[in-house]
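Residue-level listing of the chains:
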Amino acid sequence: MPAPDPRPAPAGARAPRADARRNRQRLLAVARDAFAATDGKATLDAIAREAGVGIGTLYRHFPTREALVEAIYATELDTVVASAPALLAELPPEAALRAWMDGYAAFFAAKRGISETLRAGWASGTIATPATRERITATIALILDAGARAGTLRDDVPAERVTMMLLGVFLSTRAGNEPEQTGPLLDLVADALRPTT
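Position numbers for residues start from 1 in each chain and track the written sequence from start to end. Reporting in this predicted model follows two pLDDT cut-offs: at least 70 for local features of residues, and 80 or more for side-chain atom pairs to be given and counted; totals over whole chains, interfaces and linings ignore these cut-offs and use all residues. Here the side-chain values reflect all heavy atoms present in the structure, with hydrogen atoms and water set aside.

Colleague: Sorry if this is basic, but what is going on with the packing of helix α5 (residues 93-110) against helix α8 (residues 159-175) here?
Modeller: Axes are the key here: two packed helices are described by the angle between their axes and the distance separating the axes. Axis angles are defined between N-to-C directions and span 0 to 180 degrees, where every axis is a line fitted to C-alpha atoms and, for a helix, only to the segment in contact. To qualify as a helix, a DSSP run of H or I must reach at least 4 residues; to qualify as a strand, a run of E must reach at least 2; elements of each kind are numbered from the N terminus. Packing of α5 against α8 brings their axes to within 11 Å, and their N-to-C directions diverge by 45°. The angle between the axes of α5 and α8 places the two elements in the oblique class. For α5 against α8, the interelement crossing comes out right-handed. Across the interface between the two elements, W100, M101, Y104, A105 and F108 from α5 touch L166, L167, F170, L171 and R174 from α8. What sets the label is the angle itself: under 35 degrees gives roughly parallel, over 145 gives roughly antiparallel, 65 to 115 gives roughly perpendicular, and the rest give oblique. For any pair of crossing helices, the crossing counts as left-handed if the nearer helix is rotated counterclockwise from the farther one by less than a right angle, and right-handed if it is rotated clockwise. Any two residues whose heavy atoms approach within 4.5 Å are treated as being in contact.

Colleague: Sorry, what's going on with the side chain of T163 here?
Modeller: On the secondary structure map, T163 appears in helix α8. Every residue in contact with T163, bar those within four places of it in the chain, is listed here: R133, I136, T137 and I140.

Colleague: So what exactly am I meant to see when it comes to the packing of aromatic side chains here?
Modeller: Any aromatic ring pair is given by two values, namely how distant the centres are and how the planes are angled relative to each other. Stacked, tilted and edge-to-face are the three classes assigned to paired rings of Phe, Tyr and Trp, where Trp is represented by its six-membered ring and a pair needs centres within 6.5 Å; plane angles under 30 degrees give stacked, over 60 edge-to-face, the rest tilted. All chains considered together, the criterion is met by six aromatic pairs. When the centroid spacing of 5.4 Å and the interplanar angle of 50° are considered together, the rings of Y73 and F107 count as tilted. Pair noted here: Y73 is in helix α4 (residues 65-90) and F107 is in helix α5, with a separation of 34 residues, a long-range link. Here the term buried applies to any residue with accessible area under 20% of the maximum for its type, exposed to any over 50%, and partly exposed to those in between, with areas from a 1.4 Å probe on protein chains only. The class for Y73 is buried, based on a relative accessible area of 5%. Of the residues examined, F107 reaches a relative accessible area of 6% and is grouped as buried. Between Y104 and F170, the aromatic rings sit 5.1 Å apart at their centres with planes inclined by 80°, giving edge-to-face as the arrangement. Highlighted residues: Y104 in helix α5 and F170 in helix α8, separated in sequence by 66 residues. Each member of the pair Y104 and F170 is classed as buried. Put simply, the rings of Y73, W100, Y104, F107, F108, W122 and F170 touch in pairs and so form one group of aromatic residues.

Colleague: Hey, could you run me through the nonpolar core in this one?
Modeller: Nonpolar side chains in soluble globular proteins generally cluster together in the buried interior. Judged by nonpolar contacts, the single largest core of 51 residues is most densely connected at I47, W100 and L166. The set of elements that each furnish at least two residues to this core consists of α1 (18-37), α2 (44-51), α4, α5, α7 (132-150), α8 and α9 (182-192). Counting residues per element, this core draws most heavily on α4, at 10 residues. In this structure, W100 is in contact with V80, S83, A84, L87, I136, T139, I140, I143 and L166, ignoring residues within four places of it in sequence. The criterion is simple. A nonpolar core is a set of buried Ala, Val, Leu, Ile, Met, Phe, Trp, Tyr and Cys residues joined through side-chain atoms within 4.5 Å.

Colleague: I would appreciate a short explanation of the pattern of salt bridges in the present structure.
Modeller: Side chains that differ in charge, positive against negative, can pair when their charged atoms come close. Basic side-chain nitrogens of Lys or Arg form a salt bridge, by our definition, when they fall within 4 Å of a carboxyl oxygen of Asp or Glu. Summed over all chains, the structure comprises eight salt bridges. Where D78 meets R135, a salt bridge forms, and the shortest distance between an N and an O atom there is 2.9 Å. Pair noted here: D78 is in helix α4 and R135 is in helix α7, with a separation of 57 residues, a long-range link. Judged by its relative accessible area of 30%, R135 is partly exposed.

Following this line, the structure appears as structure tokens:
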């Protein structure tokens, strides 16, 4: 289930009712899955119907298809970034890094169904250009720093290079239509980040 929208309500505005928040979260979850299953071709009517709400409710939350896609992307990105501290609290840094890579891979794969709308929206300015790469790199840096302090991850690899390696894995496996290669390649990246003894 998508995380609640972290953006504060405008000054003087009432917080959304609980049922409105539930509807929004349900619409985001259904739309994310529908776009992934149909390679971005799902209709807004079908999404509203599957979410169990009227089309008017969908349009109240997301006045355009672009607004819905932007919200899906932002919610999923927030989830990937926010997962790192929780993973570090549960796992050793090297294991947290590998688990986080799987989450980032899932985010990247899910984006496939909405990528055309995102690109068009970013180009036209109807969708705000997110600081995705900067946020992902900062998250990787957080995990690498924890691993360096623990002595289980190298301290001489900039986080930006890890971001580039991960993007290379995702783009190459997608271009070759070989999603089954993603896990083994991520294992190689994770192994390359362990200190040599």
